[in-house]
Amino acid sequence: MPYPSSCPPGLLALMAPGLALMATFSLSSQAGDRRALPVEKPPGVKGRTLILLDVNTKSPVRIISENFLSLQLDPSIIHDGWLDFLSSRRLVTLARGLAPAFLRFAGKRTDFLQFHNVKNPAKSRGGPGPDYYLKNYEDARSLDKLYNFADCSGLHLIFALNALRRNPNNSWNSSNALSLLKYSASKKYNISWELGNEPNNYRTLIGRSVNGSQLGKDYVQLRSLLQLIRTYSRANLYGPNIGRPRKNVISLLEGFMKVAGSTVDAVTWQHYYIDGRVAKVTDFLKTRLLDTLSDQIRKIQKVVNTYTPGKKIWLEGVGATSSGGMNNLSDSYAAGFLWLNTLGLLASRGIDVVVRHSFLDHGHNHLVDHNFNPLPDYWLSLLYKRLIGPKVLAIHVAGLQRKPRPGRVIRDKLRIYAHCTSYHNHNYVRGSITLYIINLHRSRKKIKLAGTLRDKIVHQYLLQPYGKDGLHSKSVQLNGQPLAMVDDGTLPELKPRPLRAGRTLVIPPLTMSFYVVKNVNALACRYR
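Reading the values: rules and limits
Residues numbered from 1 in each chain as written. Predicted model: local features only at pLDDT ≥ 70, side-chain atom pairs only at ≥ 80, totals over all residues. Heavy atoms only, no water. Helix = DSSP H or I, 4+ residues; strand = E, 2+ residues; numbered from the N terminus. Buried < 20%, exposed > 50% of the residue type's maximum accessible area, 1.4 Å probe, protein only. Areas by Shrake-Rupley, 256 points an atom, 1.4 Å probe, with all protein chains shown as cover. Axes fitted to C-alpha atoms, helices over the stretch in contact; angles between N-to-C directions. Parallel < 35°, antiparallel > 145°, perpendicular 65-115°, else oblique. Left-handed = near helix turned anticlockwise from the far one by under 90°. Contact = heavy atoms within 4.5 Å. Nonpolar A, V, L, I, M, F, W, Y, C, P; charged D, E, K, R; others polar. 1 Å grid on protein atoms, 1.4 Å probe; cavity = no way out; pocket = protein on both sides within 12 Å on 5 of 7 lines; lining within 4 Å. Points joined across faces, edges and corners; volume = space filled by probe spheres on them. Phe/Tyr/Trp six-rings, centres within 6.5 Å; stacked < 30°, edge-to-face > 60°. Lys NZ or Arg CZ within 6 Å of the ring centre and 35° of its normal. Disulfide = S-S within 2.5 Å. Polar contact = N/O pair within 3.5 Å; in protein donor to acceptor, adjacent residues only side chain to side chain. Salt bridge = Lys/Arg side-chain N within 4 Å of Asp/Glu carboxyl O. Pairing = 2+ DSSP bridges. Core = buried A, V, L, I, M, F, W, Y, C linked by side-chain atoms within 4.5 Å.

Chemist: Residue-level account of the overall build of the protein chain, with values.
Modeler: Across its full length, the protein chain holds 11 helices and 24 strands. The proportion of buried residues among the 528 residues of the protein chain is 59%. For the protein chain, the exposed surface amounts to about 21500 Å²; the carbon and sulfur share of it is 49%.

Chemist: Residue-level account of the packing of helix H3 (residues 140-153) against helix H4 (residues 175-186), with values.
Modeler: Where H3 contacts H4, the axes come no closer than 11 Å and their chain directions differ by 55°. By the angle between their axes, H3 is oblique relative to H4. Remark: the crossing between H3 and H4 carries right-handed chirality. Contacts from Ala-140, Leu-143 and Asp-144 of H3 reach H4 at Leu-180, Tyr-183 and Ser-184. Residue classes in the contact of H3 with H4 are distributed as 4 nonpolar, 1 polar and 1 charged.

Chemist: Before we move on, could you go through empty space enclosed by the protein and cite the residues and values that matter?
Modeler: In total, this model carries 3 cavities of 30 Å³ or more according to the counting rule given. Contributing to the lining of the largest cavity are 16 residues, with Leu-113, Leu-161, Asn-162, Asn-176 and Leu-180 lying nearest its centre. When contributions to the lining of the largest cavity are tallied by element, the ones reaching two or more residues are strand S6 (114-116), strand S8 (155-161) and H4. Taken together, the residues that form the lining of the largest cavity break down as 8 nonpolar, 6 polar and 2 charged. Roughly 70 Å³ of volume is contained in the second largest cavity. As for the second largest cavity, its lining consists of Lys-448, Leu-449, Leu-453, Arg-454, Asp-455, Lys-456, Val-458, Arg-500, Ala-501, Gly-502 and Arg-503.

Chemist: Now, about the packing of aromatic side chains: what can you tell me, with residues and values included?
Modeler: Summed over the entire model, instances satisfying the criterion amount to 17 aromatic pairs. Look at Phe-102 and Trp-314: their rings are 4.9 Å apart centre to centre, the planes differ by 35°, and that puts the pair in the tilted class. Separated by 212 residues along the polypeptide, Phe-102 in strand S5 (residues 101-105) and Trp-314 in strand S12 (residues 313-322) bring together distant segments of the chain. Under the relative-accessibility criterion, Phe-102 is labelled buried at 11%. Sitting over the face of the ring of Trp-339, Arg-356 holds its NZ or CZ atom 4.9 Å from the ring centroid. Taking NZ or CZ as reference, Arg-430 lies 4.5 Å from the ring centre of Tyr-423, over its face.

Chemist: So what's going on with the state of the cysteines? Which residues, and what values?
Modeler: For the coordinates displayed, the defined rule picks out 1 disulfide. Sulfur-sulfur distance for the disulfide between Cys-420 and Cys-525 comes to 1.6 Å. When the S-S torsion is -60°, as for the bridge of Cys-420 with Cys-525, the disulfide is left-handed. Here Cys-420 is found in strand S16 (residues 414-422), whereas its partner Cys-525 is found in the segment after strand S24 (511-517), with 105 residues between them in sequence. Both residues of the pair, Cys-420 and Cys-525, count as buried.

Chemist: Lay out unusual backbone geometry in plain terms, naming residues and giving numbers.
Modeler: Residue Pro-100 is reached from Ala-99 by a cis peptide bond, and omega for that bond is 0°. Checked against the element boundaries, Pro-100 lands in the loop between helix H1 (89-96) and S5. Omega for the peptide link from His-357 to Ser-358 comes to 10°, which places this bond in the cis form. Structurally, Ser-358 can be placed in the loop between strand S13 (353-357) and helix H11 (376-387). In this structure, Lys-188 is a non-glycine residue whose phi angle is positive, near 60°. Relative to the helices and strands, Lys-188 is located in the loop between H4 and strand S9 (191-195).

Chemist: Describe the side chain of Asn-170, with residues and values.
Modeler: Assignment of secondary structure puts Asn-170 in the loop between S8 and H4. Since its relative accessible area comes to 18%, Asn-170 is described here as buried. Engagement of the side chain of Asn-170 in a polar contact is seen with the side chain of Arg-208, the distance being 3.0 Å. Ignoring sequence-local partners within four residues, the contact set of Asn-170 consists of Arg-208, Ser-209, Val-210 and Gln-214.

Chemist: Kindly report on the pattern of salt bridges, identifying the contributing residues and their values.
Modeler: Oppositely charged side chains may form a pair once their charged atoms are brought near each other. Throughout the structure, instances matching the rule amount to 14 salt bridges. Taking the shortest distance from any N to any O, the salt bridge between Arg-104 and Glu-194 comes out at 2.8 Å. Of this pair, Arg-104 sits in strand S5 while Glu-194 sits in strand S9, placing them 90 residues apart in sequence. There is no split in this pair, since Arg-104 and Glu-194 are both buried. Arg-356 is the salt-bridge partner of Asp-377, the closest N and O atoms lying 2.9 Å from each other. Here Arg-356 lies in strand S13 and Asp-377 lies in helix H11, a separation of 21 residues in the sequence.

Chemist: Can you break down the sheet that holds strand S15 (residues 395-398) residue by residue, with the values?
Modeler: Within the open sheet, the 4 strands sit side by side as S15-S2-S18-S23. Their pairing is mixed. The strands lining the two open edges of the sheet, one partner per strand, are S15 and strand S23 (505-507). On average, each strand axis in the sheet is inclined to that of its neighbour by 30°, with strand direction left out of account. Note that strand S2 (residues 51-55) and strand S18 (residues 445-449) share 3 bridges and pair parallel. Bridge pairing in S18 links Ile-51 to Ile-447.

Chemist: Can you tell me about the side chain of Asn-425, naming the residues and giving the values?
Modeler: Along the polypeptide, Asn-425 turns up in the loop between S16 and strand S17 (433-439). For Asn-425, the side chain forms a polar contact with the main-chain nitrogen of Asn-427, separated by 3.0 Å. Those residues in contact with Asn-425, other than ones at most four positions away along the chain, are Arg-386 and Leu-387.

Chemist: Give me the nonpolar core: which residues, what numbers.
Modeler: Formed by 128 residues in total, the largest nonpolar core has its most connected members in Leu-73, Trp-193, Tyr-232, Trp-269, Phe-359, Tyr-378 and Phe-514. If you tally residues by element for this core, the top one is helix H10 (residues 336-348), at 8 residues. Non-local contacts of Tyr-232, meaning those with residues more than four positions away in its chain, are made with Leu-181, Ser-184, Ala-185, Tyr-189, Ile-191, Trp-193, Leu-226 and Gln-227. Within the second largest apolar cluster, 25 residues are counted, among which are Val-55, Ile-395, Leu-453 and Ala-524.

Chemist: So, the environment of Ala-522: which residues are in play, and what are the values?
Modeler: In this structure, Ala-522 sits in the segment after S24. Looking at Ala-522, the relative accessible area reads 1%, which means it is buried. Separated by 69 residues in sequence, Ala-522 and Leu-453 have C-alpha atoms that sit 9.6 Å apart.

Such coordinate-based values are descriptive only and should not be taken to indicate function.
Right under this line is the structure:
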C-alpha cells in the first residue's frame, strides 16, 4: 500500500510484516467447548516425562482477521499538546512494525471530547483558552495528525465519537459528530467509527445512564448519518464497547442487540484482568487469572449468537491491569504471560480482533513508553505479527500432568498454541507451522514433536527477561541477545536459533517462546 509523502522521511521503504495461519493447544479437535486441555499423565508413568505434541494440519478450526492483533490510543494523550509527537519517525517505525492492524482512538475521555474545526483553537476569538481545548477538544489539526500517523504506519483508524452529548429526551445529539464527519470526509479520510466508550459506566461518570435500547437507537442514528455522507456510506461501525459482562452489562448488551445488532459490523467489549492498584508479580503467574477471560467470552458469544448468529466479536480495550496499570508490573516481562495467553485464547474461541490498550503511554499498560522505547509486550507483539497468521489449528498433546485430587481443579501451567506461519514472512515457505508456548512452571519442560511434525527442522524464538530485574524487567532478550531498535527508522532483525531435526524442545521455566516448524507442507497452510 502506498504511503503519503507526509510520512516521516526514511520510512516509506519499510514493509509492515503481516500475519499467517494459526493453531492452538487450547483447542480439542472436536466442536464444542474449546477451553485449555489438561495434559493427561499416561498410566504407569512416574516422574518427569516428555510431552508429545502433534498438530492437525488438514484444515483450520478457526480463521480470524488479518488485523487480529490491533492497537488503541487513548485520547488522554492529547494532553501532550496537539498530538504533534505522532509525527515522530521512531514512533511510526514502531507502529508500522505491528501493521496490518486497526488503530482505535478511544478511552475514558472519548465521551468528553468535542470536535472544533479550527487549525489553532488557541487563537480563536472569544473562545476558551488553549488549555481547555487541549483537555476537551479534538481540533482539526489533531485529527489531521492522528490520521496521518495511522496512514503512515499502515494502520486503519477507528474513531470513537462522543456519545454523552444528549438531548433533553436523552437521545443522542449528533450535531458535533456531524461536523467531524463532514470535515474528515472533505479530507477523504478512510475511517471506521464507534459511538462512546463503556456505556455501562455513564452513571458513574456523569450521574446519567443510557440503557441498551436507547444506545441501540443512537447507533442506528449514527448509521443513518454515515449513509448521508458519500465517503462513509459504506464505512464500518463497531460497538457498543461494553465493560466486563456482569449481569447489568449483559442486560445492556441484550437491549442494544435487539435494536442495533444488525447495524454494527462487529460487537465489542473490554476486559482488564487485575486491579492495577493492588497487583503483585505473582498475580501474572496464576492460571486461575488467565482462565477468567474464557467465561467472559462464553457470556458475550451467547448474547450475540441469540440475536445475530455469526456476527463477528471483538475484544476492544484489553490490558493486564485496570486503573492505568502499575509501574514495573503491567509494563514488565511478567505481564507478557497474560498478553500472550489472551491472544491464544481469543483466537481459539473465534474472537475476530483484539485491541491492545494502549499502544503508547497510557498509565503502565502500554507497549511503548513516553520516551518511545518499546517495552516487553511490544517485542512479544512484534514476534506474534512476524510469525502468526489468521488460521487456527487443533493440537493434540499427551504427557505429564499432576494427578487430579477430589474437589480440586487442575489448571494447566504449560499452554501451547499453534498457527500456520505467516504468509508475509518470506523466511518460511507456505505450509510451515508456528507454535507458541507459555511455561508458567518453575522448572523446564520438554516437548517432543510427533506425527506430522516429527523430524522437521525447527527455528526457536525464545523470549526471556534481560538484566538483573528478572520478571520485573522492562527489557527482553531473544535467544540470548537483547532486543533494541537499531535507530529511529529501523527495528532489529529477529534472528531465530535453528534446532536440528528431531531435537526435543526444552522450554525454560517462566518463559514465552515461539517455534517455527519448517517445511511441514501442511494442507491447511498452503493457501490463503
